[in-house]
Amino acid sequence: MSSARGNNREAFINPYELQRMAQCARNQKKFTELKLGQCTRALQQPIQPRKRLKKTQETREATATNHNLRPRPERPNSDIAITNEENASYGVTGDFLSENEDMHSSTKKKRKGGRSITRMDDILSKEPGSMSKIKIELNDKGQPIGENYRKLSSVIGVQARKTLPLGCSDWRLVDGEKKITLWKEIKKRFDIDDKALDWVMSSAGAKWKQFKAKLKQQIFDETLTDEELKNLHGHRIDDHELESLLKYWRSPESQALAARGKDNRAKVKFMHTSGSVSYASAAYKLGQQLGRPPRRYEVYTKTHTRKNGVPLSQAATTINELKEVVQARPELMDRTIQQGDAFVAVCGVKEPRGRVRCLGLGPTPQDIGTPGLKAYTSTKLQIQVLARQKAESDLRVLEQRILEMQEREAQRMALEL
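Conventions used here
Residues numbered from 1 in each chain as written. Predicted model: local features only at pLDDT ≥ 70, side-chain atom pairs only at ≥ 80, totals over all residues. Heavy atoms only, no water. Phe/Tyr/Trp six-rings, centres within 6.5 Å; stacked < 30°, edge-to-face > 60°. Helix = DSSP H or I, 4+ residues; strand = E, 2+ residues; numbered from the N terminus. Lys NZ or Arg CZ within 6 Å of the ring centre and 35° of its normal. Buried < 20%, exposed > 50% of the residue type's maximum accessible area, 1.4 Å probe, protein only. Core = buried A, V, L, I, M, F, W, Y, C linked by side-chain atoms within 4.5 Å. Contact = heavy atoms within 4.5 Å. Salt bridge = Lys/Arg side-chain N within 4 Å of Asp/Glu carboxyl O. Patch = residues over 30% accessible without salt bridge, like charges linked within 9 Å, V, L, I, M, F, W, Y side chains within 5 Å. Areas by Shrake-Rupley, 256 points an atom, 1.4 Å probe, with all protein chains shown as cover.

Asks: Even after reading the chapter, I still don't get the packing of aromatic side chains, so can you show me in this structure?
Replies: By convention here, two paired aromatic rings are described through the distance between centres and the angle between planes. Applying the stated criterion across every chain, the model contains 4 aromatic pairs. Judged by centre distance (5.6 Å) and plane angle (55 degrees), the ring pair of Y300 and F343 falls under tilted. Here F343 lies in helix α15 (residues 342-347) and Y300 lies in helix α13 (residues 296-303), a separation of 43 residues in the sequence. Its guanidinium or amino end placed over the ring of F211, R161 lies 5.9 Å from that ring's centre, counting from NZ or CZ. For the cation-ring pair, K179 lies above W171, with the distance from its terminal atom to the ring centre recorded as 4.3 Å.

Set out below in structure tokens:
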């Protein structure tokens, strides 16, 4: 039985054939008038297009001589039939792009073996004094922005993984001196202002938690005993820390916390499309394009729209509502977050605990002045931070005085000579 493509090819007559058939009809009419009889059969019927003959291949037994190729194994006809049936039974319906990919992502091949662990040897393998410090720009909220933001974030993750103890069940239980040591190590390699301390500590805490969660996913198995897990993964983690982690992971408190975390994660409705770019960096880049500080609804629209200009399906309704509100009430464009901007008019006034929507890591509702859940910093931590800042300030003043004294002494010795 011929295919549909073959039938279409046979039924197709090009303009040349139509012109030839018309000419044959005119000739036949003249022959009839002249009583010369019927035209030949070749003139009466259009010439069918010649079918291309399928080139027959030689059987596999008839192989060429003097070759070193391995013969291809025969594939059973039953397998071919099954494959064709499976291909025919599947059809593509609806949007075949996932929420976080664009049309070009399917052409990228994944590297075999997966992504290796981040080490940042180009920065951490060098002595602090052997290289110039990397300049980090900050916005008005103390958040890193600019081209070196990702380097800083990666180094914080590596340092948190290497220097902070994993046996603590809570970030607030980690020794404060170790946190300050991490901050000093960051200051040795990056030219960063002290007002970024809160952001660095928040970022280190988040990466510390993420690393522990990844460890649990990779090495923890409830069906194995502690000794079996130590024999399998003891080379990766210190025995004391691994023992503390296993004890905590098996506790009812940890299991209840993990179940609550899974439930909260399942409630997340909106995922952004910025990848590893933070909200602060996305807002900074958007501000460079607009020539002014971006509004919060503009940052939301930018970070929830794919590269091809199509918004995420979950965020499309919110983005359309933001556009309608801005068109209906243009005065909202000039309002700040404290005054109630367009984003508040659509998404509500209440902010999540400890953060402000579309601002990223660092600023809290209390810092911005928005109505939200109370998440105050403890008095003890405030005193420690202020004392540390005062000590660093006094140290800088003392170092400056020593340099001035050395310069005066050098000038005096030069005059005596």
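Additional details are given in the paragraphs that follow.
Asks: Mind showing me how you'd approach unusual backbone geometry here?
Replies: Peptide bonds are, in most cases, trans, and in most cases residues other than glycine have a negative phi. Even without a glycine there, the phi angle at M120 is positive, about 55 degrees. Among the residues examined, M120 registers a relative accessible area of 16% and is labelled buried. The phi angle at C358 is positive, at roughly 70 degrees, despite the residue not being glycine.

Asks: Teacher, can you tell me more about the nonpolar core here?
Replies: Nonpolar side chains tend to gather and get buried jointly when the protein is soluble and globular. Membership of the largest hydrophobic core comes to 39 residues, with the highest contact counts inside it found for L152, L182, F190, I192, V200 and W249. With 8 residues, helix α8 (residues 197-219) is the largest single contributor of residues to this core. Excluding its chain neighbours within four sequence positions, the residues that come into contact with L152 are I136, P144, I186, F190, I192 and W199. The next biggest cluster of nonpolar side chains, apart from the first, holds 12 residues, and it includes Y300, A315, I319 and L322.

Asks: Can you help me understand the pattern of salt bridges in this one?
Replies: Opposite charge on two side chains permits pairing when their charged atoms draw close. Following the criterion strictly, the structure yields 17 salt bridges and no others. The salt bridge partner of D140 is K141, with a shortest N-O separation of 3.5 Å. One salt bridge connects E298 with R292, and the closest N-O pair in it is separated by 2.8 Å. Bridged by salt links that share partners, the residues R296, D341, E351 and R357 form one connected network.

Asks: Hey, could you run me through a nonpolar patch on the surface in this one?
Replies: On the surface, L395, L398 and I402 cluster together into a nonpolar patch covering about 260 Å² of accessible area. Mapped onto the elements of the fold, L395 is located in helix α17 (residues 379-416). The class of L395 is partly exposed, set by a relative accessible area of 45%.

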